[in-house]
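# A structural walkthrough
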Amino acid sequence: MAFTTEFLLLFFHHLLLAAPILGFLVLLILGLGLWAGRLERWPWRDALYWACITGTTVGYGDRVPVRGWARFLAIVIALAGLVLSGLIVAMAVSAGSEVFAQLQAARSG
């Protein structure tokens, strides 16, 4: 239980420190999604949905851009989503490693 509590506290601390970068990436994904949706003449709700699905690189295929610029924006959204996901995973691994090392030091010391 100590590991979980310490991990969550440290992980959320990392998230708080990285909030400006994470927020920028989220706004970038949503903004580019709205732009692509405008190019494709999709309703704004569908454009935001598509941006979120593309940003997570799931890509269900229920919305597919056909115009060149919208396809380019899809690539940029996917890359931004990979960076966003990678940062979150890196922060989780860092927090877990740090807490694990602290608990190991406390047990051996």
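First, a word on what this report is: a plain description of the structure on this page. (Residues numbered from 1 in each chain as written. Predicted model: local features only at pLDDT ≥ 70, side-chain atom pairs only at ≥ 80, totals over all residues. Heavy atoms only, no water.)

In this structure the tally under the stated criterion is two salt bridges. When the shortest N-O distance is used, the salt bridge between R67 and E40 registers 3.4 Å. Of this pair, R67 sits in the loop between α3 (44–55) and α4 (68–108) while E40 sits in helix α2 (residues 19–40); the two residues are 27 residues apart in sequence, bridging distant segments of the chain. For R63, the salt bridge goes to D46, with nearest N and O atoms at 2.4 Å. Here R63, found in the loop between α3 and α4, pairs with D46, found in helix α3; they are 17 residues apart in sequence, far enough to count as distant. (Salt bridge = Lys/Arg side-chain N within 4 Å of Asp/Glu carboxyl O. Helix = DSSP H or I, 4+ residues; strand = E, 2+ residues; numbered from the N terminus.)

On to the packing of α3 against α4. Direction vectors running N to C along α3 and α4 enclose 55 degrees, while the axes themselves pass 7 Å from each other. By the criterion of interaxial angle, the relationship of α3 to α4 is oblique. Residue-level contacts link W50, A51, T54 and G55 of α3 to A70, A74, I77, A78, G81 and L82 of α4. When the residues that make up the contact of α3 with α4 are grouped by side-chain class, the tally is seven nonpolar, three polar and no charged. (Axes fitted to C-alpha atoms, helices over the stretch in contact; angles between N-to-C directions. Parallel < 35°, antiparallel > 145°, perpendicular 65-115°, else oblique. Contact = heavy atoms within 4.5 Å. Nonpolar A, V, L, I, M, F, W, Y, C, P; charged D, E, K, R; others polar.)

As a further point, take the packing of aromatic side chains. In this description, a pair of aromatic rings is defined by centroid distance and the angle of the planes. Scanning all chains against the criterion turns up five aromatic pairs. On the numbers, 6.2 Å between centres and 10 degrees between planes, the contact of F3 with F7 is stacked. Highlighted residues: F3 and F7, both in helix α1 (residues 2–17), separated by four residues, approximately one helical turn. Of the residues examined, F3 reaches a relative accessible area of 33% and is grouped as partly exposed. A network of ring pairs unites the aromatic residues F3, F7, F11 and F12 as a single cluster. (Phe/Tyr/Trp six-rings, centres within 6.5 Å; stacked < 30°, edge-to-face > 60°. Buried < 20%, exposed > 50% of the residue type's maximum accessible area, 1.4 Å probe, protein only.)

The end-to-end C-alpha separation of α1 is 23 Å, in line with the 22 Å expected for 16 residues at 1.5 Å each. When α1 is considered as a whole, its buried residues turn out to be F7, L10, F11, H14 and L15. Projected down its long axis, α1 carries its buried residues within an arc of 145 degrees, all on one side. In α1, the exposed positions that point more than 90 degrees away from the buried face belong to L9 and L16. Where α1 is buried, its residues meet α2 and α4. (Expected span 1.5 Å × (residues − 1). Arc of directions from axis to C-beta.)

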